[in-house]
Amino acid sequence: ANPKFNGDLRALQSNRVYPMTTTAAYMCDKEQEKFYLDTTGPSGWGSSLDDAHESVKTRKQGVDVQLYNLMRLIYENALPEDTVVVKMDIEGAEYDILPCLANSPAAQLIDSLYLEDHCPGDWWCPTRGQAGTTKAGFNEALRQLKARGVHIPDGYWSPMF
């Protein structure tokens, strides 16, 4: 949802790639929500729906985005025979989405989930989203997804371009 990447995403548009540049995939639908951009970090990479997130809490710029339910997006657009790969680097909102995803029929459609856990240990955690999911609840959602056959590589960390 960061407008900085709109041009690059639109350049990838094809009959199989559909950029949703003013939309943030989340656990629910909402016509308008503030999305906070990091205005001080390297290359402005940090952005979050949580205005208290470590990368945006000091100095931030809010932009309006539409929230789109990730589970519905997958369920309405994927067939069981499709290969569905989800890359999730969402600055702590994975703590909001994963428990919903683990209990959704959409989970059975996902083959691989490349997930960046922004709170991998007790040493640092910029945010755990806004839904109040604990680390134990997050880990249980991971366990449930793996039990449903979703491949989730351990220790994945999104490379910076």
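Along every chain, residues carry numbers that run from 1 in the direction the sequence is written. Given that this is a predicted model, residues contribute local features only at a pLDDT of at least 70 and side-chain atom pairs are listed and counted only at 80 or more, while totals for whole chains, interfaces and linings are drawn from all residues. Each side-chain value is worked out from all heavy atoms of the structure, with water and hydrogens disregarded.

1. Focus on empty space enclosed by the protein
Argument step 1. Here a cavity denotes a set of grid points, spaced 1 Å apart and computed over the protein atoms alone, in which a 1.4 Å probe fits but from which it cannot get out, and a pocket denotes an open set meeting protein on both sides within 12 Å along at least five of seven lines; residues with an atom within 4 Å of a point are reported as lining. Grid points are joined across faces, edges and corners, and a volume is the space filled by probe spheres set on the points. Under the criterion given, the structure shown has one cavity of 30 Å³ or more.
Argument step 2. Computed from the structure, the largest cavity encloses a volume of approximately 40 Å³.
Argument step 3. Taken together, Y26, S48, L49, D50, E91, G92, A93, D96, T127, G129 and Q130 make up the full set of residues lining the largest cavity.
Argument step 4. Classes in brief: Ala, Val, Leu, Ile, Met, Phe, Trp, Tyr, Cys and Pro nonpolar; Asp, Glu, Lys and Arg charged; the others, Gly included, polar. Within the lining of the largest cavity, the residues separate by chemical class into three nonpolar, five polar and three charged.

2. Digging into the side chain of N69
Argument step 1. Helix numbers and strand numbers start at the N terminus; a helix is a DSSP run of H or I with at least 4 residues, a strand a run of E with at least 2. As for its position among the elements, N69 is in strand β4 (residues 60-69).
Argument step 2. Filtering out sequence-adjacent residues up to four positions away, N69 remains in contact with Y26, M27, C28 and D29. Whether two residues touch is decided by their heavy atoms; if any such pair falls within 4.5 Å, the residues are in contact.

3. A few points about helix α4 (residues 135-147)
Since the α-helix turns once every 3.6 residues, residues separated by three or four places project in the same direction.
Argument step 1. An expected span of 1.5 Å times one less than the residue number is assigned to each helix. Its 13 residues place the ends of α4 18 Å apart at the C-alpha level, agreeing with the 18 Å of an ideal helix rising 1.5 Å per residue.
Argument step 2. Within α4 the residues assigned to the buried category are F138, A141, L142 and L145. For α4, the angular spread of buried residues about the axis comes to 100°, placing them on one side. The exposed set on the far side of α4, more than 90 degrees from its buried face, consists of A136 and A147.
Argument step 3. Considering only its buried residues, α4 is in contact with α3 (94-102) and β6 (112-115).
Argument step 4. Just downstream of α4, G149 is the residue with a positive phi angle, here 95°. A simple rule labels every residue: compare its accessible area, found with a 1.4 Å probe on the protein chains alone, to the largest value its type can have, and call it buried under 20%, exposed over 50%, or partly exposed in between. Directions drawn from the helix axis to the C-beta atoms are what define this arc.

4. A look at the pairing of β6
Sheet faces and side chains relate simply in a regular strand, where the side chains alternate between the two faces.
Argument step 1. Here a strand pair is declared whenever DSSP counts at least two bridges between the two strands. Here four bridges tie strand β5 (residues 85-88) to β6, and the two strands are oriented parallel to one another. Pairing of M88 across the sheet is with L115, part of β6.
Argument step 2. Tracing the backbone out of β5, into α3 and back to the parallel element β6 gives a crossover that is right-handed. The path from the first strand over the helix to the second decides the hand: if it runs clockwise while the strands point away from the viewer, the crossover is right-handed.

5. Details of the layout of surface pockets
Argument step 1. Computed from the structure, the second largest pocket encloses a volume of approximately 200 Å³.
Argument step 2. Along the walls of the second largest pocket sit L115, D117, P120, F138, L142, K146, I152, P153, D154, G155, Y156 and W157, which together make up its complete lining.
Argument step 3. It is α4 that provides the largest number of residues to the lining of the second largest pocket, a total of three residues.
Argument step 4. When the residues that make up the lining of the second largest pocket are grouped by side-chain class, the tally is eight nonpolar, one polar and three charged.

6. Points about helix α2 (residues 70-77)
Argument step 1. Among the residues making up α2, those that are buried are L70, M71 and I74. For α2, the angular spread of buried residues about the axis comes to 100°, placing them on one side. Facing away from the buried side of α2 by over 90 degrees, the exposed positions are E76 and N77.
Argument step 2. Looking at the buried side of α2, the elements it contacts are β1 (23-26), β4, β5 and α3.
Argument step 3. The definition of a polar contact used here is a pair of N or O atoms within 3.5 Å, where within protein one atom must be able to donate a hydrogen and the other to accept one, and adjacent residues in sequence count solely through side-chain atom pairs. Measuring from the backbone nitrogen of M71 back to the side-chain oxygen at the start of α2 gives 2.8 Å, which picks out N69 as the cap.

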